Amino acid sequence: MVASRSARERKAAVEAGPLARVKIDVGADQQFVYKVSCSTCTAKGHRPWSTYRPGGDNGFMAAMDRWTFHLDAQHPGAEAPCLAYLPEAQRRLHERREQRETGSTAEARSDG
Ligand SMILES: [Zn+2]
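None of the values given here were measured: they were computed from a predicted structure.

Student: Let's hear about the sheet that holds strand β2 (residues 32-38): which residues, and what values?
Tutor: Across the sheet, which stays open at both edges, the three strands sit in the order β1-β2-β3 with antiparallel pairing between neighbours. Of all the strands in the sheet, just β1 (20-26) and β3 (50-54) have a single pairing partner and so form its edges. Strand-to-strand twist of the sheet, defined as the mean angle between neighbouring strand axes without regard to direction, takes the value 15 degrees.

Student: Before we move on, can you summarise the pattern of salt bridges with the specific residues and values?
Tutor: Under the criterion given, the structure shown has seven salt bridges. Across the salt bridge formed by Lys11 and Glu15, the nearest N and O atoms sit 3.1 Å from each other. Highlighted residues: Lys11 and Glu15, both in helix α1 (residues 2-16), separated by four residues, approximately one helical turn. When salt bridges that share partners are traced, they join Asp65, Glu88, Arg92 and Arg96 into one network.

What counts and what doesn't
- Counting from 1, residues in each chain are numbered in the order their sequence is written.
- pLDDT decides what is reported in this predicted model: residues at 70 or higher carry local features, side-chain atom pairs at 80 or more are listed and counted, and totals for whole chains, interfaces and linings draw on all residues regardless.
- To get the side-chain values, all heavy atoms of the structure are used, and hydrogens and water are removed first.
- At least two DSSP bridges between two strands are needed for those strands to be called paired.
- Working definition: helices are DSSP H or I runs of at least four residues, strands are E runs of at least two. Numbering for both runs from the N terminus.
- Angles here are taken between N-to-C directions and fall from 0 to 180 degrees, while the axes themselves are lines fitted to C-alpha atoms, restricted in helices to the stretch in contact.
- By definition here, a salt bridge exists when the distance from a side-chain nitrogen of Lys or Arg to a carboxyl oxygen of Asp or Glu is within 4 Å.

Printed below as a string of structure tokens:
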């Protein structure tokens with residue numbers, strides 16, 4: 001569990017690029033909680049940007065998608081491997097929105 005968590009953390013950190021701070025916690029119910037925060041936006045003294053997603057691969061994917069959007073919107077020109085997946089992330093976001101509109105998911109997030 002612990003080795004797997006730190007391995008995921010390293011992998012996520014590589015994909016998220018040098019601006020990201022990636023942390024994976026294990027929640028009370030033993031599921032991973034992915035946290036990605038922005039080192040630049042924090043260092044400048046603005047409200048720290050971060051996204052927080054519980055879950056398995058879905059949580060990892062959702063956190064990375066959010067981070068990818070942040071990079072694209074706030075740090076044009078930044079380089080990170082995850083930016084290669086921006087079109088996929090946008091497609092997933094679109095799919096999630098459609099699911100929300102049809103009421104098939106019960107998502108309650110505060111950081112969107
Ligand atoms: Zn930022």
